[in-house]
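Chain by chain, the residues:
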Protein chains: 2
Amino acid sequence: MPVYLAERKRVIDEALRHYLPPGTKKPQALHEAIRHSLFAGGKRMRPILCLAACEAVGGDYAPALPLACAVECIHTYSLIHDDLPAMDNDDWRRGKPTLHKIYGEAIAILAGDALLAEAFAIACRYGGGRYGPGVVVGELARASGSRALVGGQVADLEAEGREISVRELRAIHLRKTGALITTALRLGAMAGEASRESLRAVTEFGRSLGLAFQVIDDILDVTQTRETLGKSAGKDLAAVKATYPRLLGLDGARLAARRYTARAHGALAPLGEKGTILANLAGHLLSRES
Amino acid sequence: MPVYLAERKRVIDEALRHYLPPGTKKPQALHEAIRHSLFAGGKRMRPILCLAACEAVGGDYAPALPLACAVECIHTYSLIHDDLPAMDNDDWRRGKPTLHKIYGEAIAILAGDALLAEAFAIACRYGGGRYGPGVVVGELARASGSRALVGGQVADLEAEGREISVRELRAIHLRKTGALITTALRLGAMAGEASRESLRAVTEFGRSLGLAFQVIDDILDVTQTRETLGKSAGKDLAAVKATYPRLLGLDGARLAARRYTARAHGALAPLGEKGTILANLAGHLLSRES
């Protein structure tokens, strides 16, 4: 798995470098800031899942590459904006100062904006097949919009300092984290010309994987320190933020993580042997639990 | 012209209402904020130009409607973010308080983000023809990205309080205002299955129209009051912002506006009789000069 992940990360990084304007392009501060965020040590989880889903339905991963990179741009933009003083007000991300701490708020907002727009420019390089570019890019846009990614972030901010139910928390996570993970997988499967049945399987896998991932993220925020985590730890608790450990206790949260993980693995059955790659990735991603 | 404009505005407003999630959808503050900005009295200049360009190359405007609405969403998002405290820090827009004054900074940033994403969801409703959705939506994305719209805003911020040449100012305007106006026209022409020659004519028209429009905007900022303008007047001068009147004097700026206007009209020649609608629109838009 480590060799596979490193190889895929290399392919994605190279494609991102190729698709995006160089850091020397004017306005230089903007292009530097974009590259700084995009190459700040992200694990490329979403684009790797995208390429893997393409293969899991029987395709070669090449047609999925622009879609994988587009998803990573959108993920990166959402981190930049989430860290802003007006939002989560976070000074650290992946062990480094957040973008607005280095370049100032204006450039951080605009670098996020530009990454979101460039994501669609990159996604439009997808040539289409059984699922045309309008369908595929349209799905990516909806996953990034007010009903999914952005809607989830707003709901998350609104829930701060308020009592919410596990059901509400799940609804927030499905949009804030789950939608983009699921979409990464679905886009990959579509680029691989997935059958309706395979697409359904990949979708269910994504939803459960996304929830498991978020629960584990919440658990790590409680159990780990900033050094291990690379971002400000204990921040969720400090901000009276609704999390699984807060609502279910640490053991209850661990149980939930195991349940979602099992559901993710179960969803892969219709893909048969080819689904193994996604199962291995899920195993690797979710083993962060402690 | 007033009847034509009112009728087109009605068609566009209706389509926008149809394409976007209702204001009652959760998270409600986000969807309310989006609708508040989008229906805050914008003149719909860009989408009207988009539909007109579609007709000017011989098409029926219907296929251009999602593209026109997408452009308006992008224009609206850019206004919301430009007004933020970290950017132009403007409290007034179209005679009303800016979005962050009403809903706070977090919602204003996120409403802008959502509008940008939704713009691409709407644009992907374009069915395609001679120019496929990948080409058309990709062009819209590039016009909104780091090399055009966002790049222009960064260059504009960087120019504040610094001496710049007319040439630099023109380069800023071409990206900050010109790119989206030109793209609105080009997208409309593509939806109308424009020939290469017509598309070139529409592009040249857009560039000159965009420059003329911006010069006139700069002039109005000097000569008019907030009541007439609906936004904070004299702000450009107060912020030591590079403008045409500052670099060329008021008379020089008026001359530049007339020159760009003439060039816009000249560009329409290849369209023949059908280009009249664009000429009339240019005449109307640019008659704000005083």
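Residues numbered from 1 in each chain as written. Chains lettered and ligands numbered in written order. Predicted model: local features only at pLDDT ≥ 70, side-chain atom pairs only at ≥ 80, totals over all residues. Heavy atoms only, no water.

In the annotation of an unreviewed UniProt entry, the entry for chain A reads Geranylgeranyl diphosphate synthase, type II, and the organism field reads Methylacidimicrobium tartarophylax. Under the Cofactor (unreviewed entry) heading, UniProt states for chain A: "Mg(2+)". Of the comments in the UniProt record for chain A, the one headed Sequence similarities (unreviewed entry) reads "Belongs to the FPP/GGPP synthase family." (UniProt positions renumbered as here; feature names shortened; annotations may be inferred.)

Now for the overall build of chain A. Looking only at helices and strands, chain A features 14 helices and two strands. Taking 2.2 N^0.38 as the reference for a compact globule, 290 residues should give roughly 19 Å; the C-alpha atoms of chain A span a radius of gyration of 18 Å, in line with that estimate. Expressed as lengths along the three principal axes of its C-alpha atoms, the size of chain A is roughly 50 × 50 × 35 Å. Sorting the 290 residues of chain A into buried and exposed places 59% on the buried side. Looking at chain A alone, contacts between residues at least 24 apart form 73% of all its contacts between residues at least 6 apart. As displayed, chain A has an accessible area near 10,800 Å², and 51% of this comes from carbon and sulfur atoms. When the 38 positive and 32 negative side-chain charges of chain A are each reduced to one mean point, those points stand 3 Å apart. (Helix = DSSP H or I, 4+ residues; strand = E, 2+ residues; numbered from the N terminus. Rg over C-alpha atoms; globule rule 2.2 N^0.38 Å. Buried < 20%, exposed > 50% of the residue type's maximum accessible area, 1.4 Å probe, protein only. Contact = heavy atoms within 4.5 Å. Areas by Shrake-Rupley, 256 points an atom, 1.4 Å probe, with all protein chains shown as cover. Lys, Arg positive; Asp, Glu negative; His and termini not counted. Charge placed at Lys NZ, Arg CZ, Asp CG, Glu CD.)

The next subject is the nonpolar core. With 207 residues, the main nonpolar core has L278 of chain A together with L278 of chain B as its most contacted residues. Sequence-distant contacts of L278 of chain A, that is, excluding residues within four places in its chain, are made with L49, A52, A53, A56, L185, V202, F205, L268 and L271 of chain A. (Core = buried A, V, L, I, M, F, W, Y, C linked by side-chain atoms within 4.5 Å.)

Superposition record for chain B on chain A: RMSD 0.0 Å, screw rotation 180 degrees, translation along axis 0.0 Å. Interpreted geometrically, this transformation is the action of a two-fold axis. Comparing interface residues between copies, 100% of those in chain B also lie at the interface in chain A; the contact surface is shared. (Least-squares fit on C-alpha atoms with pLDDT ≥ 70 in both.)

Another aspect to go through is the side chain of D113 of chain B. Checked against the element boundaries, D113 of chain B lands in helix α6 (residues 105–123). Here D113 of chain B sits buried without a salt bridge, and the closest side chain of opposite charge, K176 of chain A, lies 12 Å off (N-O distance). Polar side-chain contacts of D113 of chain B include one of 2.7 Å to the side chain of H81 of chain A. Not counting residues up to four positions away in its chain, the partners in contact with D113 of chain B are Y77, H81, D113, L116 and V150 of chain A together with H81 of chain B. (Salt bridge = Lys/Arg side-chain N within 4 Å of Asp/Glu carboxyl O. Polar contact = N/O pair within 3.5 Å; in protein donor to acceptor, adjacent residues only side chain to side chain.)

Moving on, we come to the packing of aromatic side chains. Tallied over the entire structure, the rule returns one aromatic pair over all chains. One cation-aromatic arrangement involves R17 of chain A over F39 of chain A; the distance from NZ or CZ to the ring centre is 4.4 Å. (Phe/Tyr/Trp six-rings, centres within 6.5 Å; stacked < 30°, edge-to-face > 60°. Lys NZ or Arg CZ within 6 Å of the ring centre and 35° of its normal.)

For the rest of this paragraph, the subject is helix α9 (residues 166–191) of chain B. All names here are of chain B. An ideal rise of 1.5 Å per residue puts 38 Å on 26 residues; α9 measures up with 35 Å between its terminal C-alpha atoms. Along its length, α9 reaches its greatest deviation from straightness, about 55 degrees, at G178. The buried count for α9 comes to 20 of 26 residues, which makes it a mostly enclosed element. Directly beyond the C-terminal end of α9, a positive phi value near 60 degrees is found at E193. (Expected span 1.5 Å × (residues − 1). Bend = angle between axes of the 7 residues up to and from the residue.)

In this section: the side chain of D83 of chain B. Along the chain, the position of D83 of chain B falls in helix α4 (residues 65–83). Once residues within four sequence positions are removed from consideration, D83 of chain B is found in contact with N89, D90, R93, T98 and H100 of chain B.

Before going further, it helps to examine the pattern of salt bridges. Residues and elements named next belong to chain A. Summed over all chains, the structure comprises 24 salt bridges over all chains. Across the salt bridge formed by R44 and D13, the nearest N and O atoms sit 2.6 Å from each other. Of this pair, R44 sits in the loop between α2 (28–38) and α3 (45–56) while D13 sits in helix α1 (residues 2–19), placing them 31 residues apart in sequence. Taking the shortest distance from any N to any O, the salt bridge between R44 and E72 comes out at 2.8 Å. Pair noted here: R44 is in the loop between α2 and α3 and E72 is in helix α4 (residues 65–83), with a separation of 28 residues, a long-range link.

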